[in-house]
Amino acid sequence: EAGVAQSPRYKIIEKRQSVAFWCNPISGHATLYWYQQILGQGPKLLIQFQNNGVVDDSQLPKDRFSAERLKGVDSTLKIQPAKLEDSAVYLCASSLAQGHTGELFFGEGSRLTVL
Amino acid sequence: AQSVAQPEDQVNVAEGNPLTVKCTYSVSGNPYLFWYVQYPNRGLQFLLKYITGDNLVKGSYGFEAEFNKSQTSFHLKKPSALVSDSALYFCAVRDTQAAGNKLTFGGGTRVLVKP
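What comes next is a walk through the structure. (Residues numbered from 1 in each chain as written. Chains lettered and ligands numbered in written order. Predicted model: local features only at pLDDT ≥ 70, side-chain atom pairs only at ≥ 80, totals over all residues. Heavy atoms only, no water.)

As a further point, take the sheet that holds strand β8 (residues 75-79) of chain A. All names here are of chain A. Ordered in space as β1-β3-β8-β7, the four strands form an open sheet in which the pairing is antiparallel. Edge strands, defined here as strands with exactly one partner in the open sheet, are β1 (5-7) and β7 (65-68). When strand polarity is set aside, the average angle formed by the axes of neighbouring strands in this sheet is 15 degrees. Examined bridge by bridge, β7 and β8 share four bridges and lie antiparallel to one another. Residue pairing in the sheet places Ser66 in a bridge with Lys78 of β8. (Pairing = 2+ DSSP bridges. Helix = DSSP H or I, 4+ residues; strand = E, 2+ residues; numbered from the N terminus. Axes fitted to C-alpha atoms, helices over the stretch in contact; angles between N-to-C directions.)

Below, the structure written as structure tokens:
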């Protein structure tokens, strides 16, 4: 079974530039998550999708971050314009359904460096 | 609001000795608890979870965790640590009374197993 795919693995940009990350979840997984992991900290949920609908985006900085999952499968996370403090690893995860008991399956992450 | 605390930034242990990584949580309802491990430049890998039933949960790679409701803890243990267990460990919680199924992570504990 293929895992969660993310690209690019690494990205370096200047502040005020834009960047986009792509995620393809495990086939059949209805729920998709984007987490931000700053160096030395635990992952923080940015946005959660159930199929193509948003379940939770309370911690997404909506003035600069956006995410979509138009067909309920793969997803894109965009940052525009980027700030220095956006330097982090962006982790995508998926799970079977919006149940409380299931574990999340994570991709390897996209590491963003903002200069 | 749900939260997780991992009081130790780093745990050092000699190979062959028992390993314990501490975790405490706070939720409004009942908790669903998870442990994940992260190796360098990799995503998070699921180790084990507590949903209900026996307070002692066994997981991957010889790890186990004990749920203690009165102490609101879910410590991760391994009877005999290996050098290959050196990694970053994250505890996470879901609140069964919270909308959606948001998974909140602790700040992580780095484990260093010395030969």
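Let us keep going from here.
Residue-level contacts link 23 residues of chain B with 27 residues of chain A. Here chain B and chain A share an interface that buries about 1,900 Å² over both sides, 48% of which is from carbon and sulfur atoms. Taken together, chain B and chain A are joined by two salt bridges. Here Glu108(A) ties to Arg42(B) by a salt bridge, and the two come within 2.7 Å at their closest N and O atoms. At the boundary of chain B and chain A, one finds seven residue pairs in polar contact (both at pLDDT 80 or more). For the side of chain B that touches chain A, the elements supplying multiple residues, two or more each, are β5 (31-38), β6 (44-50) and β10 (87-95) of chain B. (Contact = heavy atoms within 4.5 Å. Buried area = accessible area lost by both parts, 1.4 Å probe. Salt bridge = Lys/Arg side-chain N within 4 Å of Asp/Glu carboxyl O. Polar contact = N/O pair within 3.5 Å; in protein donor to acceptor, adjacent residues only side chain to side chain.)

One finds Leu19(B), Trp35(B), Leu47(B), Leu48(B), Phe74(B), Leu76(B) and Tyr89(B) to be the most contacted residues of the largest nonpolar core, which totals 27 residues. Those elements that place two or more of their residues in this core are β2 (10-14), β3 (19-21), β5, β6, β8 (64-68), β9 (73-78), β10 and β12 (109-114) of chain B. In terms of residues, this core owes the most to one element, β10(B), which gives four residues. For Leu19(B), the residues in contact, after removing those within four places along its chain, are Val11(B), Val13(B), Phe63(B), Leu76(B), Lys77(B), Lys78(B), Ala81(B) and Val111(B). Core analysis: the second largest hydrophobic core is formed by 21 residues, Leu60(A), Tyr90(A), Cys92(A) and Leu112(A) among them. (Core = buried A, V, L, I, M, F, W, Y, C linked by side-chain atoms within 4.5 Å. Buried < 20%, exposed > 50% of the residue type's maximum accessible area, 1.4 Å probe, protein only.)

Before going further, it helps to examine the pairing of β6(B). Side-chain direction in a regular strand flips from residue to residue, so the side chains alternate between the two faces of the sheet. All names here are of chain B. Pairing of β5 with β6, which is carried by six bridges, proceeds in the antiparallel orientation. For Trp35, the partnering residue across the bridge sits in β6 and is Leu48. Between β5 and β6, which follow one another and run antiparallel, lie five residues, and Asn41 among them has a positive phi close to 60 degrees.

This brings us to the side chain of His29(A). All names here are of chain A. On the secondary structure map, His29 appears in the loop between β3 (19-24) and β4 (31-37). In this structure His29 comes out as buried when scored by relative accessible area, which is 8%. A polar atom in the side chain of His29 sits 2.8 Å from the side chain of Ser94.

From the geometry alone we can't say anything about function, so treat these as descriptive.
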